[in-house]
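One-letter residues, chain by chain:
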Amino acid sequence: MRILMLVATSVATDARVLKEARTLVGAGHRVHIIGKSVPTDFEPPQGITVSSVGASSVLRREGAPSLSRRELSRPVRFARWLMLPTHRQSTFRRWAQQAVEQGAGFDADVVHAHDYTALEAGARLAELKSVPLVYDTHELWSGRPREYRPTPLLDRRERRIEARLGGTAAAVITVGEGVADVLRERYGWRHVVVVRNTFPSPGPQSPRVGAAPSGLIYAGRLAAFRELETVAAASEPITDDLGLPVTLIGPADPTWLAAFDAGRARVLAAIPPEEVDALLAAAGLVLVTHSNAWENHRLALPNKLFQAIRVGAPVIATDVGELAEIVRSHGLGTLYPPGDAAGMVRAVRTAVADYPALCAAVADSAKALSWEGDAAVLLDLYERLTPAAGRDCGSGGAAPQPSRARRSGS
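These lines cover the structure that appears in this document, whether it is placed above or below. (Residues numbered from 1 in each chain as written. Predicted model: local features only at pLDDT ≥ 70, side-chain atom pairs only at ≥ 80, totals over all residues. Heavy atoms only, no water.)

### Focus on the overall build of the protein chain
Turning to step 1, where the next piece is worked out: Tallying secondary structure elements over the protein chain gives 14 helices and 13 strands in all.
Turning to step 2, where the next piece is worked out: Residue burial in the protein chain is summarised as follows: out of 410 residues, 55% are buried.
Turning to step 3, where the next piece is worked out: Restricting the contact set of the protein chain to residue pairs at least 6 apart, pairs at least 24 apart contribute 71%.
Turning to step 4, where the next piece is worked out: Of the roughly 17,300 Å² of accessible surface on the protein chain, a fraction of 52% belongs to carbon and sulfur atoms. (Helix = DSSP H or I, 4+ residues; strand = E, 2+ residues; numbered from the N terminus. Buried < 20%, exposed > 50% of the residue type's maximum accessible area, 1.4 Å probe, protein only. Contact = heavy atoms within 4.5 Å. Areas by Shrake-Rupley, 256 points an atom, 1.4 Å probe, with all protein chains shown as cover.)

### Remarks on the pattern of salt bridges
Turning to step 1, where the next piece is worked out: Evaluation of the coordinates by the stated rule reveals 13 salt bridges.
Turning to step 2, where the next piece is worked out: Put simply, Arg 264 and Asp 240 hold a salt bridge, and the shortest N to O gap is 2.8 Å. Placement of Arg 264 in the loop between helix H7 (254-258) and strand S10 (266-268) and of Asp 240 in helix H6 (residues 228-240) is noted, with a sequence separation of 24 residues between them.
Turning to step 3, where the next piece is worked out: With a relative accessible area of 43%, Arg 264 lands in the partly exposed category.
Turning to step 4, where the next piece is worked out: With a closest N to O distance of 2.8 Å, Asp 319 and Arg 328 form a salt bridge.
Turning to step 5, where the next piece is worked out: Because the salt bridges share partners, they merge into one network encompassing Arg 16, Glu 20 and Asp 136. (Salt bridge = Lys/Arg side-chain N within 4 Å of Asp/Glu carboxyl O.)

### Concerning a positive patch on the surface
Turning to step 1, where the next piece is worked out: Judged by side-chain charge, Arg 93, Arg 94, Arg 156, Arg 157, Arg 159, Arg 160 and Arg 164 come together as a positively charged surface patch.
Turning to step 2, where the next piece is worked out: In terms of residue count, helix H4 (residues 152-168) provides more of the positive patch than any other element does, five residues in total.
Turning to step 3, where the next piece is worked out: Turning to its location among the elements, Arg 93 is positioned in helix H2 (residues 74-103). (Patch = residues over 30% accessible without salt bridge, like charges linked within 9 Å, V, L, I, M, F, W, Y side chains within 5 Å. Lys, Arg positive; Asp, Glu negative; His and termini not counted. Charge placed at Lys NZ, Arg CZ, Asp CG, Glu CD.)

### Things to note about the nonpolar core
Turning to step 1, where the next piece is worked out: If you look at the biggest cluster of nonpolar residues, it comprises 56 residues, and the most contacted ones within it are Leu 216, Ile 238, Leu 248, Leu 305, Val 315, Ile 316 and Met 344.
Turning to step 2, where the next piece is worked out: When residues in this core are grouped by element, the largest group, six residues, is from helix H12 (residues 341-353).
Turning to step 3, where the next piece is worked out: Those residues in contact with Ile 316 that sit more than four places away from it in its chain are Leu 216, Leu 285, Val 286, Leu 287, Val 288, Thr 289, Thr 334, Tyr 336, Met 344, Ala 347, Val 348 and Ala 351.
Turning to step 4, where the next piece is worked out: Residues Ala 8, Ile 34, Phe 92 and Ala 180 belong to the second largest nonpolar core, which totals 40 residues. (Core = buried A, V, L, I, M, F, W, Y, C linked by side-chain atoms within 4.5 Å.)

### Some details on the sheet that holds strand S7 (residues 192-194)
Turning to step 1, where the next piece is worked out: Taken in spatial order, the seven strands line up as S3-S2-S1-S4-S5-S6-S7 in an open sheet, and their pairing is parallel. Single-partner strands in this sheet number two, and they are strand S3 (48-53) and S7. Taken pair by pair, the neighbouring strands of this sheet meet at an average axis angle of 20°, ignoring direction.
Turning to step 2, where the next piece is worked out: For strand S2 (residues 30-36) and S3, the ladder comprises six bridges, and the chain directions are parallel. Following the sheet pairing, Gly 35 is matched in S3 by Ser 52.
Turning to step 3, where the next piece is worked out: Against the sheet, helix H1 (residues 15-26) makes contact with strand S1 (2-7), S2, S3, strand S4 (110-114), strand S5 (133-137) and strand S6 (171-174), and its axis sits at roughly 180° relative to S1, the strand it touches most.
Turning to step 4, where the next piece is worked out: The sheet strands contacting helix H14 (residues 371-385) are S1, S4, S5, S6 and S7, and the helix crosses S7 at an angle near 150°. (Pairing = 2+ DSSP bridges. Axes fitted to C-alpha atoms, helices over the stretch in contact; angles between N-to-C directions.)

### What to know about the environment of Ile 217
Turning to step 1, where the next piece is worked out: If you trace the backbone, Ile 217 turns up in strand S8 (residues 215-219).
Turning to step 2, where the next piece is worked out: Judged by relative accessible area, which is 7%, Ile 217 ranks as buried.
Turning to step 3, where the next piece is worked out: Every residue in contact with Ile 217, bar those within four places of it in the chain, is listed here: Thr 247, Ile 249, Leu 279, Leu 280, Ala 283, Leu 285, Val 286 and Leu 287.

### Remarks on the packing of helix H3 (residues 119-129) against H4
Turning to step 1, where the next piece is worked out: Running from N to C, H3 and H4 cross one another at 35°; their axes reach a closest spacing of 10 Å. Pair H3 / H4 crosses with left-handed handedness. Residues Leu 119, Glu 120 and Ala 123 of H3 form the contact with H4, whose own contacting residues are Ile 161, Glu 162, Leu 165 and Gly 166.
Turning to step 2, where the next piece is worked out: Residues belonging to the contact of H3 with H4 are distributed by class as follows: four nonpolar, one polar and two charged. (Left-handed = near helix turned anticlockwise from the far one by under 90°. Nonpolar A, V, L, I, M, F, W, Y, C, P; charged D, E, K, R; others polar.)

### Focus: the packing of aromatic side chains
Turning to step 1, where the next piece is worked out: Counting across every chain of the model gives five aromatic pairs.
Turning to step 2, where the next piece is worked out: For the pair Tyr 116 and Trp 141, a centre-to-centre distance of 5.3 Å together with 25° between the ring planes defines the contact as stacked. In this pair, Tyr 116 sits in the loop between S4 and H3 while Trp 141 sits in the loop between S5 and H4, placing the two residues 25 residues apart along the sequence. In terms of burial, Tyr 116 and Trp 141 fall into one category: buried.
Turning to step 3, where the next piece is worked out: Ring plane angle 75° and centroid distance 5.5 Å describe the contact between Phe 225 and Trp 294, whose orientation is recorded as edge-to-face. In this pair, Phe 225 sits in the loop between S8 and H6 while Trp 294 sits in the loop between strand S11 (284-288) and helix H9 (295-299), placing the two residues 69 residues apart along the sequence.
Turning to step 4, where the next piece is worked out: What links up through ring pairs into an aromatic cluster is the set Tyr 135, Tyr 187 and Trp 189. (Phe/Tyr/Trp six-rings, centres within 6.5 Å; stacked < 30°, edge-to-face > 60°.)

### With respect to H6
Turning to step 1, where the next piece is worked out: Along its 13 residues, H6 runs 18 Å from first to last C-alpha, staying within 8% of the 18 Å computed at 1.5 Å per residue.
Turning to step 2, where the next piece is worked out: Helix geometry: H6 is bent most strongly at Ala 234, by close to 40°, with proline Pro 237 lying one to four residues after it.
Turning to step 3, where the next piece is worked out: Listed in full, the buried residues belonging to H6 are Leu 228, Thr 230, Val 231, Ala 232, Ala 234, Ser 235, Ile 238 and Thr 239.
Turning to step 4, where the next piece is worked out: On its buried side, H6 packs onto S8, strand S9 (246-249), H7, S11, strand S13 (333-336) and H12. (Expected span 1.5 Å × (residues − 1). Bend = angle between axes of the 7 residues up to and from the residue.)

### Considerations on the packing of H1 against H14
Turning to step 1, where the next piece is worked out: Two elements in contact, H1 and H14, have axes whose closest approach is 10 Å; the angle formed by their N-to-C orientations is 65°. As H1 packs across H14, the resulting crossing turns out to be right-handed. Residue-level contacts link Lys 19, Glu 20, Thr 23 and Leu 24 of H1 to Trp 371, Ala 375, Leu 378, Leu 379 and Tyr 382 of H14.
Turning to step 2, where the next piece is worked out: Per-class residue counts for the contact of H1 with H14 are six nonpolar, one polar and two charged.

Right under this line is the structure:
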């Protein structure tokens, strides 16, 4: 089967997209991904091809300097808050238009749209090609954090579009039962399946934690509403009193990062997901944090939780919603109240004291919380999606094009 994936990210550090694509390729399918501003030196995993569409908007061209590179005055911060919805809408609309133009040149048996930003483009391509659409929503789009002026009319429009197009999809995939339940209740959908952000079980050469922790790692997006201000406030006592350095690593919102005081924490740029394993294992404790301010956060089960399980590392997690429930139920680590830096320090102290027992609980949970089970759900969905003839990968049509990221648009 030829699968055309659309995602408005750089692909290179998108663990979920790459994981799903590798799984489908491993089952004999062919996958081409159209991403957004994919690095020109990105080498996709074997069997996957990737191309790119640019990310310009009416307010800023591709590659233009970000406002975050200098100190923002109060009027400029207000202007950014006011205009950011326009910039985002323009960026994603232009990306979607060019993704449709590019995607029209690829033969596909299924179009797989990752997140709301790719949904309209995916639906258009699926209609053009008369093939099924899969809508893979990585979060509750209508409940996500906002760092710009209220947009009630746009929000209602997006909910209507999501309800209509997601309702016509052959299947909707999401990341956890909490999000799935809301989608079923809100839109009346009965075709939602859960494929969690779990990670494959480690191999014999995979990095594993040692007998005691040597640091704390946060590996995820660096942006507002991630509790990173709390991490920064706790970083001095964690580093000085407990002897555990704190590292924040991941793709960043540059404007937010410019104003962020990291305290004693070290901030590093994003690296490929497979390289993160070694850092998590070496540190031994993983920060899985987000705020309680948004519905999406109360439902979220982040990638970094499951990547910690993969290397056997206990977590220091925010006591919020679905995240807290899974940490408690499996004994995966310790919890602290959102916004409470002293509570985070206490949680780290407890995790250090109970480290062997926590590591044992993480190891016991690994089978139930690994990618093998979620991969089976994904593959079963694709088995049911397409008639037997469509599963013949040699059934003609152009093979996906480049093995390197191909640039398109500006």
